[in-house]
Each structure stands twice: as structure tokens, then as C-alpha cells.
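Structural characterization, general
Each chain is listed here by its residues.
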Amino acid sequence: MTVTSALSREAIESVDGAGMLADVLAQPAQLADAVWRADSAAIPRHETERGLVVAGMGGSAIGGDLAAAALAGRAERPIATARGYELDPWVGPDTLVLCASYSGDTEETLASFDAAGARGSPRVAVTTGGELGRRARDEGVPVIGVPAGFQPRAAVVYMTVAALECAAACGAGPAIRQEIETAAAALGALAEEWGPDAPDDSDAKRLASALSDTVPVVHGAGPTAAAARRWKCQINENAEAPAFAAELPEADHNEVCGYAPPLAAVFLDDPELDQRLRDRIELTADLLRDGGTPVERVAARGDTPFARLMSLVLLGDLVSVYLAVLAGRDPTPVPAIDRLKAGLG
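A quick note: this is a predicted structure, and the numbers were derived from the prediction, not measured. (Residues numbered from 1 in each chain as written. Predicted model: local features only at pLDDT ≥ 70, side-chain atom pairs only at ≥ 80, totals over all residues. Heavy atoms only, no water.)

**Some words on the overall build of the protein chain**
Cut-off, in case you're wondering: Helix and strand labels come from DSSP, where a helix needs a run of H or I of at least four residues and a strand needs a run of E of at least two; each type is numbered from the N terminus. To get the radius of gyration, use the C-alpha atoms; to get the globule rule, take the number of residues to the power 0.38 and multiply by 2.2 Å. The classification of residues rests on relative accessible area computed with a 1.4 Å probe and restricted to protein chains. Under 20% of the type maximum is buried, over 50% is exposed, and intermediate values are partly exposed. Contact criterion: two residues are considered in contact whenever any of their non-hydrogen atoms come within 4.5 Å of each other. Values of accessible area rely on a 1.4 Å probe in the Shrake-Rupley scheme; residue burial ignores everything except the protein chains shown. His is not counted, nor are the chain ends, whereas Lys and Arg count as positive and Asp and Glu as negative. Throughout, a charge is located at the NZ atom of Lys, the CZ atom of Arg, the CG atom of Asp or the CD atom of Glu.
Counting its regular elements, the protein chain contains 13 helices and nine strands. Scaling as 2.2 N^0.38, a compact globule of 345 residues should have a C-alpha radius of gyration of about 20 Å, and the protein chain matches this with 20 Å. Seen through its C-alpha atoms, the protein chain measures out along the principal axes to roughly 55 × 45 × 40 Å. Each of the 345 residues in the protein chain was classed as buried or not, and the buried ones make up 54%. If you take every contact in the protein chain between residues at least 6 apart in sequence, the share linking residues at least 24 apart comes to 79%. On the protein chain, roughly 14,400 Å² of surface is accessible, and the fraction owed to carbon and sulfur atoms is 52%. Distance from the positive charge centre (29 side chains) to the negative charge centre (49 side chains) of the protein chain: 3 Å.

Given below as C-alpha cells:
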């Protein structure tokens, strides 16, 4: 069997026992539901001078990064992501804190929820329930409900839209609901173009084949840096493979010197990036390619910043699932994470 024939629909289904591919392909349809769920939470509109902090871990935290990226150049106040047990000292009554935990039982996020409450910060929770949902309802904190049944990383649309709606509610950024809703059709077309029935030379299948047996270093620049982080995490979890994320221009001042097999470089581009960043992508890609490093350059697609960003998320998620299939791994289980959680009690 050739590498590309291993990515037929039948071959994917034989490995993807828990249906991670279906969850990825559902992203376009989830956009409208995510907006409705945020609306239903009735988040109070109150401007906070220090903006928004999204407190979460892993797949629940990435929505904060992606929201900030979607609003790059348009945000009026900070939009930050807090990963850990503690909030920065400046977080207080003039900061909205969105506590994001898919399960509702992430101990770091629960610590941040309590810390934000002790400091008088207005709070919102986004979760399926668990302890976070219970505490939020007991304390009168609005809860954005997320549908159950996913792996946390598969709820990326819900977490991103929740963060965007909170940014609008606290005046950290403009409301971009129209961008969110109009992105669905374009993303749906891309899901067809890159999905399991696509030809072997479609972008997602070709990239997975090219990156198989390498260690990808995914480069972002400006708003695509958040998508690069998403690619890295998805390859780690879905394919159970090493991968890393780098950000330009900083990577040109250090990481560019350290390339050796089996590293491969992926560059996430956006036609609306600052031209200086686009020039760096081209020059860095040429430099690494000339040194013998496999290089892939990926262009965001879409008519709005949100649509382009989410096109990169969708493509990276598909690549990660296809990499898992090529390695013969079910992309859903994460035994290493499960073992760590069990050890923490």
C-alpha cells in the first residue's frame, strides 16, 4: 500500500475509531451553534479597561490565542491567555476573565476562577459542566455551555467564538459576529476540498504525506502564530508525534541556526500579513531549503481575517489526523495525558 492510498476514506475509518475526523469536518457547521450558545449565556456588556484574560489549558486555552489573532490590528484593549494556576498581578476588577475548561474539572482553571473572584474580576465560564459549571452557577457567573462528547481539543470553534464574544462584551475588541457567520460557507467548501474523499494531491493529504517521518516546526508570523501553535499541539495529541511551533521574526534570530534532520519547516502565510513578515517567510524558507531542510509553505484562504485564520486551523487539524492515520494510530486517545491526570488525582 502506498502512502497516499493509506488516506482513502476507508483506510481512515479503519484507524479513526472514535471519529476525530468527523469532529474536525464539523467545524464549519459549529460556528452558528457557537454564536447561539454565547448569546444564550447573556454575557453582561461592561467595558473593562484592562481587557480580557482567557484562563485555560490545552485545547480549552487555544481559543484565547485564536481570538486575539482574529482581532489583530483591531483590538482596543489587551486580549491575553493565562496558562497555569495563577493570574498576573495586574488582573483585577477592570479585567474580564473568561475561564475555559471543556471538562469543567481542570485544576489550573478552577484556581484561576477562584483567584479572579477574590480579586473582584467580572467572570464568564465556558464549559460542558463539571466543577467549573457548578461553581459558576452557584456564584451567579454566566456560563457558555459547550456540547459534550468531544475531546477538548475538538471544541476549538466553541472556545474561539466564546473568547471573541467576551472580547466584544468587555470592549477589548469589535464584535465580528458577521465575520464568524459568513465564514461557515467558505470553511465548508475547504472541508470538502481537503476531506477524506479529496484526491491524494489535495493540500491536507499532500502535507501529511510530506511531513510523515519528520519532526515539523510550524512557523507563524503575526496572527498566524496562533495557528502555528494549534498545528503543533494537534500533531502532538492526534498523531502522538513530536512537533514544535516557532514565530517570525524571532525565529530568524536563533532557531534558524539549529536545523538538522529530521526537522521539517512549515510556514503559515496570510496574504494580508505585513509585507516585512511575508518577506521573512520567503527568505527563511529559501535559506532552510538551501540547507537541505524540507520546507512547506501554506497560505491562509478566505475573505476576512477570521475566515483565513480558521482555514489554517481546519487544515492543520486535518493534517494531524492524516498523520495519525499514516502512523496507524487512532487520533483520539491521549494515554500520556490521561496517565498524568490520574497521577495528579
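**Brief notes about helix α13 (residues 335–344)**
Taken across its ten residues, α13 has zero buried, putting it largely on the surface. Trailing α13 by a residue or two, G345 shows a phi angle of about 80°, which is positive.

**A short note on helix α5 (residues 107–118)**
Spacing of three or four residues puts side chains on the same side of an α-helix, whose turn is 3.6 residues. The line we're drawing: A helix is expected to reach a length of 1.5 Å times the quantity of its residues less one.
The terminal C-alpha atoms of α5 lie 17 Å apart, and with twelve residues this matches the ideal 16 Å at 1.5 Å per residue to within 8%. Considering only its buried residues, α5 is in contact with β1 (52–56), β3 (96–100), β4 (123–127) and α6 (130–138). Of the residues trailing α5, G120 is marked for its positive phi of about 80°.

**Side note on the sheet that holds β4**
Our working definition: Here, strands pair whenever DSSP counts at least two bridges between them. Between N-to-C directions, angles span 0 to 180 degrees; the directions come from axes that are lines fitted to C-alpha atoms, helices contributing only their stretch in contact.
With respect to topology, five strands assemble into an open sheet ordered β2-β1-β3-β4-β5, the strand pairing being parallel. Whereas interior strands pair on both sides, the edge strands pair on one side only; in this sheet they are β2 (79–82) and β5 (143–145). Taking the axes of each pair of neighbouring strands and ignoring which way they run, one obtains an average angle of 20° across the sheet. One ladder, built from five bridges, connects β1 with β3; its direction is parallel.

**Describing the nonpolar core**
Heads up, the rule is: The definition of a nonpolar core used throughout is a set of buried Ala, Val, Leu, Ile, Met, Phe, Trp, Tyr and Cys residues joined through side-chain atoms within 4.5 Å.
Among the nonpolar cores identified, the biggest contains 84 residues, and L52, L98, I144, W231, L268, F306 and V319 are the most heavily contacted of them. Sort the elements by how many residues they give to this core and helix α12 (residues 305–326) lands first, with 15 residues. L98 has contacts with L52, V53, V54, A55, V124, A125, V126, A162, A163 and C166, leaving out every residue within four places of it along the chain.

**Looking at the pairing of β4**
Inclusion rule: By convention, a crossover is right-handed whenever its connection, traced from the first strand over the helix to the second and viewed with the strands pointing away, goes clockwise.
Here β4 lies mainly inside the structure; five of its five residues are buried. Across four bridges, the pairing between β3 and β4 is parallel. Looking across to β4, one finds that V97 is bridged to R123. For the crossover from β3 across α5 to β4, the handedness is right-handed. Of the pairings in the sheet, the one linking β4 to β5 comprises three bridges and is parallel in character. Bridging across to β5, T127 finds its partner in G145.

**Details of the side chain of S112**
For S112, the position within the fold is in helix α5. Ignoring anything within four residues of it in the chain, the contact list for S112 reads A55, G84, Y85, L87 and C99.

**Details of the pairing of β2**
Pairing analysis gives four bridges linking β1 to β2, with the strands arranged parallel. Within β2, the residue paired with V53 across the bridge is A80. Each parallel crossover has a hand, and the one from β1 via helix α4 (residues 58–70) to β2 is right-handed.

**Some words on the packing of helix α7 (residues 156–169) against α12**
Stated formally: Orientation labels follow simple angle bins: below 35 degrees gives roughly parallel, above 145 gives roughly antiparallel, 65 to 115 gives roughly perpendicular, and whatever is left gives oblique. Left-handed describes a crossing whose near helix is turned anticlockwise from the far helix through less than a right angle; right-handed describes the clockwise counterpart. Under this grouping Gly is polar, as are all residues other than the nonpolar Ala, Val, Leu, Ile, Met, Phe, Trp, Tyr, Cys and Pro and the charged Asp, Glu, Lys and Arg.
Between α7 and α12, whose axes approach to 12 Å, the crossing angle comes to 155°. The pairing of α7 with α12 is recorded here as roughly antiparallel in orientation. As α7 runs across α12, the sense of the crossing is right-handed. Between α7 and α12, the contacting residues are V156, V157, T160 and L164 on the first element and F306, M310, V313 and D317 on the second. Of the residues that constitute the contact of α7 with α12, the class distribution is six nonpolar, one polar and one charged.

**What to know about the sheet that holds strand β9 (residues 295–299)**
Read from one edge of the open sheet, four strands run β7-β6-β8-β9, paired in parallel fashion. What marks the edges here is a single partner per strand, and that holds for β7 (244–248) and β9. The mean inter-strand angle of the sheet, taken between neighbouring strand axes irrespective of direction, is 25°. As paired strands, strand β6 (residues 215–221) and strand β8 (residues 263–269) are joined by five bridges and run parallel to one another. Within β8, the residue paired with P216 across the bridge is A264. The sheet contacts of helix α9 (residues 203–211) involve β6, β8 and β9, and relative to β9 the element is tilted by about 155°.

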